Amino acid sequence: MPLWRSWHRPLVLFSAAMAAVTVVSAVGLLVDDRVMVGAPIWAKPFKFAVSFIAYGLSLAWMLSALDRGRRAGADARPHPAGAKRRTGRGVAWWAGTVVAAASLVEMLIITGQVIRGKRSHFNYQTPFDEALFDAMAVSVVVLWLGTVVIAVLLLRARLADRPSAWAMRCGIVIALAGAAIGFLMTQPAPGQRRGESPVVGAHSVGVADGGPSMPLTGWSTTGGDLRIPHFFGMHALQLLPLLVMALMALAPRFARLADARTQLRLVLVGSGAYAALFALLTWQALRGQPLLRPDGTTLTTAVLITLAAATGTWAALRSPRRTPTTTSTTTTTTAPPTATTPQHKNEHKNEHKAANEQENANETPNTNTNTNTNETTDKNQKAGATA
């Protein structure tokens, strides 16, 4: 069975539905020339649908990894005889289903308002529009809380692949922070009042929504835009796991990347740099500063983040210290003294006596030979003298 078939089914089906919305929205961009808040009216459902495809599939994959880790842990634990193993749908499955349902409600409201030719976000023009926006706000809160539950489960899970586990954990935590930026957008902008203004809330800071913007993204080029950190933070859910995949792909070429500890260190460095950059983008937007026109403080901070990331990468890739090799040397060890008894002393005396007798026996033949040789020499000398 293909691996993707084990992914969370409701999230996979939701992502497939978003793929269909993407196609419909793309057609709408081509044939519908209506404009809403300075952008083509079908641009919002198109961008939301593409983002939800990535978001839904990422969560479905993470939940499958979480389920495999839970099943592996359950198989490793001993089960009493006759006891049944727990099966069925647990907290993770229900959390993913809640996220899929809440996301679907949000997309239905966005697409429905496009069809009506109305603004979906921050719209308090009529009681019906206000009710729709309030329902969408509730769905966003439910979606966020469901993701929080998944994040907690991932943080508590014991997954064998530590680099992937920490990429998922860091990714979902940063994604939650990115999603929380949406709550800042609902606050009244200068000149807006709840219960009085037809529009309450904005994504631009320092300028009105609908002004000059970047192509495709629609981000403001004259002021700050909270959609930038919102987008960047939420997609940590995909980019950090992609970092692990890139490291695994490069491992056959670079031996250091094949080490799981090195991969883990690089994932942590990358996650830290990503979180720092997310904080910088949020700070820049809240100061009303366009993305492409940073001031000196923003540039200095970006340089410091880059230097810190480069230093961390160098430290992660540094070859591990090798323990010095020691040459084996022959050492003479003295046996520890043992307690002696009279019986031991007698045994030692007998051994020494036997050794002395053996030495005397070896020396006796040599002595006799020397004596015989000396006697023969004396006789020869006397015989010579007589002659």
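Conventions we followed
Residues numbered from 1 in each chain as written. Predicted model: local features only at pLDDT ≥ 70, side-chain atom pairs only at ≥ 80, totals over all residues. Heavy atoms only, no water. Phe/Tyr/Trp six-rings, centres within 6.5 Å; stacked < 30°, edge-to-face > 60°. Helix = DSSP H or I, 4+ residues; strand = E, 2+ residues; numbered from the N terminus. Buried < 20%, exposed > 50% of the residue type's maximum accessible area, 1.4 Å probe, protein only. Lys NZ or Arg CZ within 6 Å of the ring centre and 35° of its normal. Polar contact = N/O pair within 3.5 Å; in protein donor to acceptor, adjacent residues only side chain to side chain. Axes fitted to C-alpha atoms, helices over the stretch in contact; angles between N-to-C directions. Parallel < 35°, antiparallel > 145°, perpendicular 65-115°, else oblique. Left-handed = near helix turned anticlockwise from the far one by under 90°. Contact = heavy atoms within 4.5 Å. Nonpolar A, V, L, I, M, F, W, Y, C, P; charged D, E, K, R; others polar. Patch = residues over 30% accessible without salt bridge, like charges linked within 9 Å, V, L, I, M, F, W, Y side chains within 5 Å. Areas by Shrake-Rupley, 256 points an atom, 1.4 Å probe, with all protein chains shown as cover. Salt bridge = Lys/Arg side-chain N within 4 Å of Asp/Glu carboxyl O. pLDDT = per-residue confidence, 0-100. Expected span 1.5 Å × (residues − 1). Arc of directions from axis to C-beta.

**Student:** Describe in detail the packing of aromatic side chains, supporting the description with residues and values.
**Tutor:** Using the criterion set out here, one finds eight aromatic pairs in the structure. Taken together, a centroid distance of 6.5 Å and an interplanar angle of 55° make the contact between Phe-48 and Phe-52 tilted. Here the residue Phe-48 and the residue Phe-52 both occupy positions in helix α2 (residues 43-76), the gap between them amounting to four residues, near one helical turn. A relative accessible area of 24% means that Phe-48 is categorised as partly exposed. Put simply, the rings of Phe-14, Phe-48 and Phe-52 pair up and form one aromatic cluster. Above the face of the Trp-283 ring, Arg-287 is positioned so that its terminal group lies 3.8 Å from the ring centre.

**Student:** Summarise the side chain of His-203; cite the residues concerned and give the values.
**Tutor:** The topology assignment puts His-203 in the loop between α5 (162-185) and β3 (204-205). A relative accessible area of 11% places His-203 in the buried class. Within the structure, His-203 has its side chain in polar contact with the side chain of Arg-227 (distance 3.3 Å).

**Student:** Would you mind going over the packing of α5 against helix α7 (residues 236-250) in detail, with residue names and values included?
**Tutor:** For the pair α5 and α7, the least separation of the axes is 7 Å and the interaxial angle reads 160°. In terms of orientation, α5 and α7 fall into the roughly antiparallel class. As for the relative orientation of α5 and α7, their crossing is right-handed in sense. Residues Pro-163, Ser-164, Ala-167, Cys-170, Gly-171, Ile-172, Ile-174 and Ala-175 of α5 touch α7, and the partners they reach there are Ala-236, Leu-237, Leu-240, Pro-241, Val-244 and Met-248. Counted by class, the contact of α5 with α7 contains twelve nonpolar, two polar and no charged residues.

**Student:** So, the packing of helix α3 (residues 91-116) against helix α4 (residues 127-156): which residues are in play, and what are the values?
**Tutor:** Remark: α3 packs on α4, axes separated minimally by 8 Å, with the N-to-C direction vectors making an angle of 155°. With respect to their mutual orientation, α3 and α4 come out roughly antiparallel. Where α3 crosses over α4, the two elements pack in a sense that is left-handed. When its residues are assigned to classes, the contact of α3 with α4 shows 19 nonpolar, six polar and three charged.

**Student:** An account of a nonpolar patch on the surface is needed here, citing residue identities and associated values.
**Tutor:** Judged by side-chain polarity, Val-23, Val-27, Leu-30 and Val-31 come together as a nonpolar surface patch covering roughly 440 Å² of accessible area. Inspection of the secondary structure assignment puts Val-27 in helix α1 (residues 9-31). On the basis of relative accessibility, which here comes to 44%, the residue Val-27 falls in the partly exposed class.

**Student:** Give a detailed account of the confidence of the model for the protein chain, specifying residues and quantitative values.
**Tutor:** One rule of thumb: low pLDDT means the predicted coordinates there are not for detailed reading. Looking at the protein chain, pLDDT values average 83 and 75% of them are 70 or higher. When mean pLDDT is taken per element in the protein chain, helix α8 (residues 260-286) scores highest with 97 and helix α10 (residues 342-386) scores lowest with 52. Per-residue pLDDT stays below 50 along residues 71-77; that stretch engages in two contacts with residues further than four places along the chain or on separate chains. A low-confidence stretch, residues 81-88 stays under pLDDT 50, and its non-local contacts, those more than four residues away or across chains, total two contacts.

**Student:** Can you explain the environment of Gly-210? Please cite residues and give values.
**Tutor:** Within the secondary structure, Gly-210 sits in the loop between β3 and β4 (224-225). The exposure class assigned to Gly-210 is partly exposed, which follows from its relative accessible area of 40%. Between the C-alpha atoms of Gly-210 and Gly-38, which are 172 residues apart in sequence, the distance is 4.5 Å. In contact with Gly-210, not counting residues within four places along its chain, are Val-37 and Gly-38.

**Student:** For unusual backbone geometry, give the residues involved together with the corresponding values.
**Tutor:** The residue Val-37 is not glycine, and still its phi comes out positive at about 55°. Along the chain, Val-37 falls in the loop between β1 (35-36) and β2 (39-40). Taking the relative accessible area as the measure of exposure, Val-37 reaches 32% and is therefore partly exposed. In the Ramachandran plot, Phe-122 falls in the positive-phi region, its phi being about 65° despite a non-glycine side chain.

**Student:** Talk me through helix α9 (residues 296-317); I want residue IDs and the actual numbers.
**Tutor:** The terminal C-alpha atoms of α9 lie 32 Å apart, and with 22 residues this matches the ideal 32 Å at 1.5 Å per residue to within 8%. Where α9 is concerned, the buried positions are Thr-298, Ile-305, Gly-312 and Ala-316. All buried residues of α9 lie within an arc of 55° about the axis, which places them on one face of the element. Exposed residues pointing more than 90 degrees away from the buried face of α9 are listed as Leu-304, Thr-306, Leu-307 and Trp-314. On its buried face, α9 sits against α8.

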